[in-house]
Amino acid sequence: MSLLSRIFGEKKKTAAVAKERLQLIIAREHGSGTRGPDFLPALQRELIEVISKYVSVNPEDIKVNLEKQDNYEVLEVNIVLPDQAR
Amino acid sequence: MTRVVVVTSGKGGVGKTTTSAAFASGLALRGFKTAVIDFDVGLRNLDLIMGCERRVVYDFVNVINGEAKLNQALIKDKHCENLFVLPASQTRDKDALTEEGVETVIRELEHMGFDYIVCDSPAGIERGAVMALTFADEAIVTTNPEVSSVRDSDRILGILQSKSKRAAEGREPVKEHLLVTRYSPKRVEEGEMLSYKDVQELLRVPLLGVIPESESVLHASNQGTPAIHLKGTDVAEAYTDVVARFLGEERALRFVAYEKPGLFKRLFGGN
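Residue positions are given per chain, counted from 1 along the sequence in the order it is written. For this description, chains carry letters from A and ligands carry numbers from 1, given in the order in which they are written. Confidence filtering applies because this is a predicted model: local features only for residues at pLDDT of at least 70, side-chain atom pairs given and counted only at 80 or more, and all residues used for totals across whole chains, interfaces and linings. Values reported for side chains reflect all heavy atoms of the structure, with hydrogen atoms and water molecules removed beforehand.

Asker: Got a minute to help me understand the overall build of chain A in this structure?
Answerer: Numbering goes from the N terminus for both helices and strands, where a helix is a DSSP run of H or I of at least four residues and a strand is a run of E of at least two. Summing up its helical and strand segments, chain A has 3 helices and 2 strands in all. For chain A, the N- to C-terminal ordering of α and β elements is α-α-α-β-β. Relative accessible area decides the class of each residue, using a 1.4 Å probe on protein chains only: under 20% of the type maximum gives buried, over 50% gives exposed, and in between gives partly exposed. In chain A, which comprises 86 residues, the share counted as buried stands at 17%. Taking all contacts inside chain A whose residues are at least 6 apart in sequence as the whole, residues at least 24 apart take part in 38%. Total accessible area on chain A is roughly 6,600 Å²; 54% of this is exposed by carbon and sulfur atoms. The contact criterion used throughout is that any non-hydrogen atoms of two residues lie within 4.5 Å. Under the convention used here, a 1.4 Å probe and the Shrake-Rupley method define accessible areas, while residue burial counts only the protein chains that appear.

This is the structure in structure tokens:
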């Protein structure tokens, strides 16, 4: 690439595009169980352990969910605190 | 103790056979008694790359079926004293490779005192590829810095982590190594090619080495001489480093930096 084209700006490099696309597709393929065990149950267990140190919560009141929305993956953690905690 | 090393990739044409031939030769040059097995039943090519195609009498499937003894099928390499090639069969029978048969051959090679067994995997995720990785202790995942190759490597890593004997039996997992091949430092510098760091970041496997894109590889296959023997070429040097690192030695990465052209070329664009 010449200095002139550098000065006048150029569209995004294709290698960077490749990397972004791969990051997304690899994350998605792992999420759909093509590789290794699902980590969600373990995450949920550990979250319960950590939160229980500070607040007494019912294990059923902690929900962990992974959702896919087009290009994004959303990790949703829903914790319902009992009344006495406040 | 014998170590079984699979050279795999998922995608075809990335350099598995070139790597298997060079890597197995490199181990033999370092004094290890090494066997290299072609698992690509129906499309054997390792024999051509190793330059022993005219000496194939019996093959892997003949041994599995009891039609030949293992030492009748093993071909002694013409370059290295300690290296033996077990060619694939040209049969079209997909089910020719059985797990029991492969295991029997590997155990027999162990009894014969081989230090390393290098398994050259076929492309794809079918039986041949799975059989090649089933008994592996270590895996060299050969990847080109290109989207389809990276994705397929990721896929084969998943299969390695679920279908290998080590995984199935809950033993210590297969030791994974990443080998980036057909690397062009110039194109990486220009933002046209994924860098080896990108590939490593995506696949999260320790880097064993980077083999530069080179005309020497075609010269090597034309002659049936594994690329590691082409003295003085970048590819031979890079494979020698790979073998050294595999054996636990420290070697700095070479052939990954691009030397920038002068100011004149940069001002007006050289290409």
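Asker: Honestly, the packing of helix α1 (residues 16-29) of chain B against helix α12 (residues 234-246) of chain B in this entry has me stumped. Any pointers?
Answerer: Packed helices, taken two at a time, are described by the angle their axes make and the gap between the axes. All names here are of chain B. Remark: α1 packs on α12, axes separated minimally by 9 Å, with the N-to-C direction vectors making an angle of 60°. You can see that α1 and α12 cross each other, and the crossing is right-handed. The segment α1 lies against α12, with T18, T19, A22, F23, G26 and L27 engaging Y239, V242, V243 and F246. Each residue belonging to the contact of α1 with α12 can be placed in one class, and the counts come to 7 nonpolar, 3 polar and no charged. Under this scheme, a helix contributes an axis fitted over its contacting stretch, all axes are lines through C-alpha atoms, and angles between N-to-C directions fall in the 0 to 180 degree range. Helix crossings are classified by the rotation of the near helix relative to the far one: an anticlockwise turn of less than a right angle makes the crossing left-handed, while a clockwise turn makes it right-handed. Only Asp, Glu, Lys and Arg are considered charged in this grouping, and only Ala, Val, Leu, Ile, Met, Phe, Trp, Tyr, Cys and Pro are considered nonpolar; every other residue, Gly among them, is considered polar.

Asker: I tried to follow the packing of aromatic side chains on my own but got confused; where do I start?
Answerer: Ring pairs (aromatic) are described by centroid distance and by the angle formed between their planes. Residue and element names in this part refer to chain B. Any two of the Phe, Tyr and Trp rings considered here, Trp counted by its six-membered ring, make a pair once their centres fall within 6.5 Å; the pair's planes then place it as stacked at under 30 degrees, edge-to-face at over 60, or tilted in between. Counted under the stated rule, the structure contains 6 aromatic pairs over all chains. Where F23 meets F246, the ring centres are 4.9 Å apart and the plane angle is 85°; that geometry is what we call edge-to-face. One end of the pair, F23, is in helix α1; the other, F246, is in helix α12, with 223 residues separating them in the sequence. As far as burial versus exposure is concerned, F23 and F246 are alike and both buried. Ring centres 5.7 Å apart and planes at 85° place the aromatic pair F84 and F114 in the edge-to-face group. Highlighted residues: F84 in strand β4 (residues 83-86) and F114 in the loop between α5 (99-111) and β5 (116-120), separated in sequence by 30 residues. Judged by relative accessible area, F114 falls into the buried class, the value being 3%.

Asker: I'm lost on the interface of chain B and chain A in this one. Help?
Answerer: A common way to state how big an interface is: give the accessible area lost once the parts meet. Listed per partner, the contact involves 21 residues of chain B and 19 residues of chain A. Put simply, buried area is the surface a 1.4 Å probe can reach on two separate parts but cannot reach once they are joined, added for both. Approximately 1,800 Å² of surface area, both sides summed, lies buried where chain B meets chain A, with 56% of it carried by carbon and sulfur atoms. In terms of surface lost to chain A, no three residues of chain B exceed R151(B), D154(B) and L202(B), which account for 28% of the buried area on that side. By definition here, a salt bridge exists when the distance from a side-chain nitrogen of Lys or Arg to a carboxyl oxygen of Asp or Glu is within 4 Å. At the junction of chain B and chain A, the tally comes to 3 salt bridges. By the criterion applied in these results, polar contacts are pairs of N or O atoms within 3.5 Å in which, for protein atoms, one can donate a hydrogen and the other can accept it, and in which residues neighboring in sequence qualify only through two side-chain atoms. Counting across the chain B and chain A interface gives 5 residue pairs in polar contact (both at pLDDT 80 or more). Elements with a contribution of two residues or more to the side of chain B that touches chain A: α7 (147-163), α10 (196-203) and α13 (263-268) of chain B. No other element matches the 8 residues that α7(B) contributes to the side of chain B that touches chain A. A breakdown of the residues in the side of chain B that touches chain A according to their chemical character gives 9 nonpolar, 4 polar and 8 charged.

Asker: Help me out: how do you make sense of the environment of V7(B) in this one?
Answerer: With respect to the helices and strands, V7(B) occurs in strand β1 (residues 3-8). Ignoring sequence-local partners within four residues, the contact set of V7(B) consists of K16(B), T19(B), S20(B), V118(B), C119(B), D120(B), S121(B), I140(B) and T142(B).

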